[in-house]
Amino acid sequence: METGMAWESFAGGRWQSETDVRDFIVKNLTPHDGDETFLAPVTDRTAQLWAQCAVLLDRELAGGGVLDIDTETISGINSHPAGYIDKSLETVVGLQTDAPLKRAVNPFGGIRLAVQAAHAYGKEIPAEITDLFTRLRRTHNDGVFSAYTQDMKRARKSGVITGLPDAYGRGRIIGDYRRVALYGTEKLIAAKQTDLDVMLDRDMDDETIRLREEVSDQIQALHDLEELGKTYGFNLKKPAADAAEAVQWIYLSFLGSVQETNGAANSIGRISTFLDIYLERDLKSGRLSETEAQELIDQLIIKLRLIRHLRTPDYNDLFAGDPLWITESLGGMAQDGRHMVTRTTYRFLHTLDHLGPSAEPNLTVLWSTRLPEAFKRYCAKVSMATSTIQYENDDVMRPDYGDDYGISCCVSAMRIGKDMQFFGARCNLPKLLLLALNGGRDELTGEQIAPESEPYADEYLDAEKVLKRFLALQKWMARLYVNTMNTIHHMHDKYACERLMMALHDTDVHRFMAFGIAGLSVVADSFSAMRHTYVRCVRDGGGLITDFEILGEFPKFGNDDDRVDLPAAELVRGFISELRKSPAYRSAEHTLSILTITSNVVYGKKTGATPDGRKKGEPFAPGANPMHGRDMMGALATLNSLAKLPFASCRDGISLTLSLMPNALGTEERFRLRNFGALLDGYFLQGGHHVNINVLDRATLQDAMAHPEKHPQLTIRVSGYAVLFNRLTSAQQQEVISRTFHAAM
Amino acid sequence: MTGRIHSLESFGTADGPGIRFVVFLQGCRWRCRYCHNPDTWALQGGKEMEVDALFGTLLRYRSWFDASGGGVTVSGGEPLLQAAFVTELFGRLKHAGIHTALDTNGDWPEESDGGRKLEALLSVTDLVLLDIKHPDSEAHLALTGAEAASTLHFLDCLRQRSLPTWLRYVVVPGLTDSPPAIASIRRLKDTHPNVTGIQWLPYHRMGIFKWHEAGIPYTLEEVPAADAAFMDRLRDNSAEDSR
Ligand code: SF4
């Protein structure tokens, strides 16, 4: 093995003879039980560099959200010449194009959207490129639409399934970028070549032919990555020799990947614990000081904060704030009982002090009740100051995913380098309920969306009758939904494959197909209203049910009331078991999430009044949250309701967003720090999965809405990710402000 | 056995140590001029709830009590008016190993049982949060419509039992914040070894809308909220985490 000094003083193991990053981490991990007092201040260099970026970010925001676009070059690994912010200040280098925040055009997902997006910001894509991607090279988008059935198109148009990744990159795939640092591309290429020559030398069925072609492409992508390294003066063929190189190797691999695809969510994985091993080695040998170690992490984070994709403005209505979901998973427990909080876990969180709060990267703490108390307190401090961390229950995920998984996007767990997922958008559950009442017609347009059936005829809604209709239509929906996703991912693999990301996976990768539902609490409350009170249908001239009158009180989701919580859990179980009846593309395993991000506002807009009393067009609650203002018993009751939703049926995640006034956590700082950790410990002991915590008051948000210039970095957590408040649409801002804030009495 | 419940708050952090589930009971005989919850006054209002059902609900929050060193606080209204219910509930909680706190003004109804019922309640109470409205009896009467003596008598019972107690005192500018009044409260702590802390609570105006809603004239319209800096100075002596 030719590794030079790269592996010197690392504890050896299986990782030396085969690709096994987890083994490397477990053998070399140094858990940090102490607190944050070792952390170093920001360097002048980083501060100056970030100040320059801040100017550019201001200009970007002032210019309508886009600073510049390179329309001449098709984005790909190493498609652009080297770019710098200010070379003399950068200790980590590499940009998507030749200048910071200049966006690249990536037409592989769809040329139409690329053209529209450029046009919206005053740029035109040259005719040669549009011609190339219309006449000579098919895009994913064209592929999908050539195969969509009429049913699929109707469902898509009405919004009963929505957010479909059929016009841009699907995202959600996490390359194991650490592999490049640990092994270098040369060794990775050799391993892929062996896969081709040994594992995949077999009967040439469809899957084998497809996979052989893909692996050949992956090898090419690794060569392309080597070229990207050369552009910046690095030899990625070899393993990283020190911490600085490890950071650089990982970053360039990630950069190449996002040059190649413009996927909606591209997590970076779980790099902090890995990098810690390199940083510790260099610190020990005196090659690096703590200040330099922090500088490397700060500069890496700056780079991640500057990554951009070209999107149309209406994408923003769905997913506000130009999100990339560059999720980094921090902490968690090792299978052997040690915790995986390292000094570098602290260094990552410490970037928030140096660079201020930010939506990216999407910092995610894999929380276990067994994490060290000092770390829990530090998380509390950072969360209370910045509202930028999300927390996910390592204790419920570890049994399924082991100790080397990462969170993709917001809540989706995957074993790094071993699992990939086909992102499955969302089904609008309240709309499905309304279709079931209206004989398959859209409640807003009257158009026939689902197969025609007898509309619900009685004046009052009978829960059991309605449920029967709902379940019948759900069968149709689930089948259509799976088939739609199959179509999308078939075409995406064919026309917009993420070669580099997949090169950083095992060849015999396990695949998930990650479906989603929106509006769970609306549907749960609707059935509860039907069961516990009288719901009268209001019909328009054409007999369409367009509104409801509710007479009396009924139990509402979010109050720890089994009468509504258990049926909600049943809805979720029912939905995933219907999905499982239709086979998923490439034998993917079906999973489900309850997550909306900010799209709950748009889903609500596209949905008529519902039997729970929600008016036409009103937003849904985000993720699995109770509907705004219906949670009457305080935060823990809401957490208890959520904890009843079965993770086994929702392995792609159950998202909750909690907004707390600072005083709700306690009367004094020391109590607030303790109660914050206890809040999470308690929820996760109950089996809860995910929580975003915002610690701020409504007045701050209202002020930020009125005077955005006064709160340039105000960041809040919405379902599954953080976003700059200023970058929400005003409808989204209103929705956030109308959420329940838990205050001290 | 049933109790009259005004409301339930699952995430309380101000009424006792750690994370508390706070049960607000219905009914109060006093009429404090600054009361934040006039909707708890009516003795016959609220929702009736079986002690079994309530206990079952509270058990669901155990993981937070354990994680934070918290427990259940019964508040009101005035919980002593439903002492039998509270005794029953606290008895079960104690048995289950859950910390119990009683937030009361000390308005113990006259009983001719030689203190048996009070004894029963206090034997299952881990902590008392005793609201002192005003140390001066005349001012107390003017502020609450009730005698200060009952609170002080209750405090003596707590001292006799050595029951850990926090005093709570609402600081109302111009009404309860005179230096002699503050000094008297501090003295109460010094003369009662069972008193482990004083919680100085700032008068705030966020409950006024409830008075307006109920059509009851609010007599402190002109009184401003307590000054934050003044509160900080008072709090220097706090010992809330004394459990
Ligand atoms: S004792 Fe409490 S509930 Fe009763 S009036 Fe006074 S403040 Fe209100």
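Residues numbered from 1 in each chain as written. Chains lettered and ligands numbered in written order. Predicted model: local features only at pLDDT ≥ 70, side-chain atom pairs only at ≥ 80, totals over all residues. Heavy atoms only, no water.

Observations concerning the side chain of aspartate 23 of chain A
Residues and elements named next belong to chain A. With respect to the helices, strands and loops of the structure, aspartate 23 is situated in helix α1 (residues 21–28). What makes aspartate 23 buried here is its relative accessible area of 5%. Once residues lying within four places of it in the same chain are set aside, the contact partners of aspartate 23 are Gly13, Arg14 and Trp15. (Helix = DSSP H or I, 4+ residues; strand = E, 2+ residues; numbered from the N terminus. Buried < 20%, exposed > 50% of the residue type's maximum accessible area, 1.4 Å probe, protein only. Contact = heavy atoms within 4.5 Å.)

With respect to the packing of aromatic side chains
Residue and element names in this part refer to chain A. Taken as a whole, this structure holds 32 aromatic pairs over all chains when the rule is applied. Each ring, one from phenylalanine 108 and one from phenylalanine 133, has its centre 5.2 Å from the other, and the planes form 90°; the classification is edge-to-face. On the criterion of sequence distance, the pair formed by phenylalanine 108 in the loop between β2 (102–105) and α3 (111–120) and phenylalanine 133 in helix α4 (residues 127–136) is long-range, its members being 25 residues apart. On the basis of relative accessible area, phenylalanine 133 is assigned to the buried category, the value being 2%. Ring geometry for phenylalanine 274 versus tyrosine 278: centroids 5.3 Å apart, planes at 50°, classification tilted. In this pair, phenylalanine 274 and tyrosine 278 are both assigned in helix α10 (residues 272–284), 4 residues apart and thus about one turn of the helix distant. Under the relative-accessibility criterion, tyrosine 278 is labelled buried at 0%. Grouped by ring-pair contacts, the aromatic residues Trp7, Phe10, Trp15, Phe24, Tyr183, Phe274 and Tyr278 constitute a single cluster. For the cation-ring pair, arginine 311 lies above tyrosine 168, with the distance from its terminal atom to the ring centre recorded as 5.3 Å. The ring of phenylalanine 554 has lysine 556 sitting right over it, with the charged end atom 4.7 Å from the ring centre. (Phe/Tyr/Trp six-rings, centres within 6.5 Å; stacked < 30°, edge-to-face > 60°. Lys NZ or Arg CZ within 6 Å of the ring centre and 35° of its normal.)

What about the sheet that holds strand β4 (residues 71–75) of chain B?
Residue and element names in this part refer to chain B. Within the open sheet, the 8 strands sit side by side as β3-β1-β2-β4-β5-β6-β7-β8. Their pairing is mixed. For this open sheet the edge positions go to β3 (47–50) and β8 (195–202), each flanked by a neighbour on one side alone. With direction set aside, neighbouring strand axes in the sheet form an average angle of 30°. Both strand β1 (residues 2–12) and strand β2 (residues 20–25) contribute to a ladder of 5 bridges, which runs antiparallel. Paired with glycine 12 across the two strands is arginine 20, which belongs to β2. Across the sheet, helix α9 (residues 228–235) touches β7 (165–171) and β8, and the angle it forms with β8 is around 180°. (Pairing = 2+ DSSP bridges. Axes fitted to C-alpha atoms, helices over the stretch in contact; angles between N-to-C directions.)

Quick look at the environment of glycine 175 of chain A
All names here are of chain A. On the secondary structure map, glycine 175 appears in the loop between β3 (161–162) and α7 (178–199). Owing to a relative accessible area of 1%, glycine 175 belongs among the buried residues under this scheme. For the pair glycine 175 and isoleucine 326, spaced 151 residues apart in sequence, the C-alpha separation works out to 12 Å. With near-sequence residues (within four places) excluded, glycine 175 lies in contact with Ile268, Met501, Leu504 and His505.

Remarks on the layout of surface pockets
Residue and element names in this part refer to chain A. The calculated volume of the second largest pocket comes to roughly 910 Å³. In terms of lining, the second largest pocket is formed by 37 residues, of which the most central are Leu57, Glu60, Leu61, Leu724 and Arg727. Counting only elements with at least two residues in the lining of the second largest pocket, the list comes to α2 (44–62), α12 (315–318) and α24 (698–706). If one sorts the elements of the lining of the second largest pocket by residue count, α2 sits on top with 6 residues. Of the residues that constitute the lining of the second largest pocket, the class distribution is 17 nonpolar, 10 polar and 10 charged. (1 Å grid on protein atoms, 1.4 Å probe; cavity = no way out; pocket = protein on both sides within 12 Å on 5 of 7 lines; lining within 4 Å. Points joined across faces, edges and corners; volume = space filled by probe spheres on them. Nonpolar A, V, L, I, M, F, W, Y, C, P; charged D, E, K, R; others polar.)

A few points about empty space enclosed by the protein
All names here are of chain A. All chains considered together, the criterion is met by 8 cavities of 30 Å³ or more. Estimates place the volume of the largest cavity at around 160 Å³. Along the walls of the largest cavity sit 20 residues, with Ala104, Val105, Asn106, Asn262 and Leu310 positioned nearest its centre. Residue assignment for the lining of the largest cavity shows that the elements contributing at least two residues are β2, α3 and α9 (243–260).

A word on the interface of chain A and chain B
At the interface, 30 residues of chain A touch 21 residues of chain B. Across the chain A/chain B interface, buried area totals approximately 2,200 Å², and carbon plus sulfur atoms make up 56% of it. Where chain A touches chain B, the interface holds 2 salt bridges. Taking the shortest distance from any N to any O, the salt bridge between aspartate 562 of chain A and arginine 60 of chain B comes out at 2.9 Å. Between chain A and chain B we count 14 residue pairs in polar contact (both at pLDDT 80 or more) in total. At the level of elements, α22 (635–643) and α23 (669–685) of chain A are the ones that each hand at least two residues to the side of chain A that touches chain B. Here the element with the most residues in the side of chain A that touches chain B is α23 of chain A; it accounts for 10 residues. Considered class by class, the residues forming the side of chain A that touches chain B number 15 nonpolar, 8 polar and 7 charged. (Buried area = accessible area lost by both parts, 1.4 Å probe. Salt bridge = Lys/Arg side-chain N within 4 Å of Asp/Glu carboxyl O. Polar contact = N/O pair within 3.5 Å; in protein donor to acceptor, adjacent residues only side chain to side chain.)

A look at the site of the ligand
The full set of residues close to the ligand is Cys28, Trp30, Arg31, Cys32, Cys35, Thr40, Trp41, Gly77, Asn105 and Lys133 of chain B. Within the shell around the ligand, the residues separate by chemical class into 5 nonpolar, 3 polar and 2 charged. (Near = heavy atom within 4 Å.)

Structural notes on the packing of α9 of chain A against α10 of chain A
All names here are of chain A. Running from N to C, α9 and α10 cross one another at 155°; their axes reach a closest spacing of 8 Å. When the axes of α9 and α10 are compared, the pair comes out roughly antiparallel. Touching Ala243, Ala246, Val247 and Ile250 of α9 are Phe274, Leu275, Tyr278, Leu279 and Asp282, all from α10. Grouping the amino acids of the contact of α9 with α10 by side-chain chemistry returns 8 nonpolar, no polar and 1 charged. (Parallel < 35°, antiparallel > 145°, perpendicular 65-115°, else oblique.)

A look at the domain arrangement of chain A
Residues and elements named next belong to chain A. Annotation of chain A at the domain level lists domain 1 (14–137 + 168–417) and domain 2 (148–167 + 419–629). Put simply, the middle of domain 1 and the middle of domain 2, counted by C-alpha atoms, are 32 Å apart. Of the roughly 4,200 Å² buried at the junction of domain 1 and domain 2 (both faces included), carbon and sulfur atoms supply 57%. Applying the counting rule to domain 1 against domain 2 returns 8 salt bridges. Here aspartate 506 ties to arginine 179 by a salt bridge, and the two come within 2.8 Å at their closest N and O atoms. Here domain 1 is connected to domain 2 by 20 residue pairs in polar contact (both at pLDDT 80 or more). Of all the secondary structure elements, the ones that give two or more residues to the side of domain 1 that touches domain 2 are α7, α8 (206–231), α9, α12 and β8 (412–415). At 12 residues, α8 tops the list of elements feeding residues into the side of domain 1 that touches domain 2. Looking at the side of domain 1 that touches domain 2, its residues break down into 26 nonpolar, 14 polar and 15 charged. (Domains from an automatic or database assignment.)

A short note on α7 of chain A
Residue and element names in this part refer to chain A. Its 22 residues give α7 an end-to-end C-alpha distance of only 24 Å, which falls more than 12% under 32 Å, the value for a rise of 1.5 Å per residue. The principal kink in α7, of about 100°, is found at glycine 184. Where α7 is buried, its residues meet α1, α8, α9, α10 and α18 (499–503). (Expected span 1.5 Å × (residues − 1). Bend = angle between axes of the 7 residues up to and from the residue.)

Side note on the sheet that holds β3 of chain A
Residue and element names in this part refer to chain A. Across the sheet, which stays open at both edges, the 5 strands sit in the order β3-β9-β10-β13-β14 with mixed pairing between neighbours. Each having just a single partner strand, β3 and β14 (653–654) make up the two edges of the open sheet. Relative to strand β10 (residues 510–518), strand β9 (residues 419–428) runs parallel, the two being bridged by 8 bridges. Residue pairing for β10: cysteine 427 is matched across the bridge by isoleucine 517.

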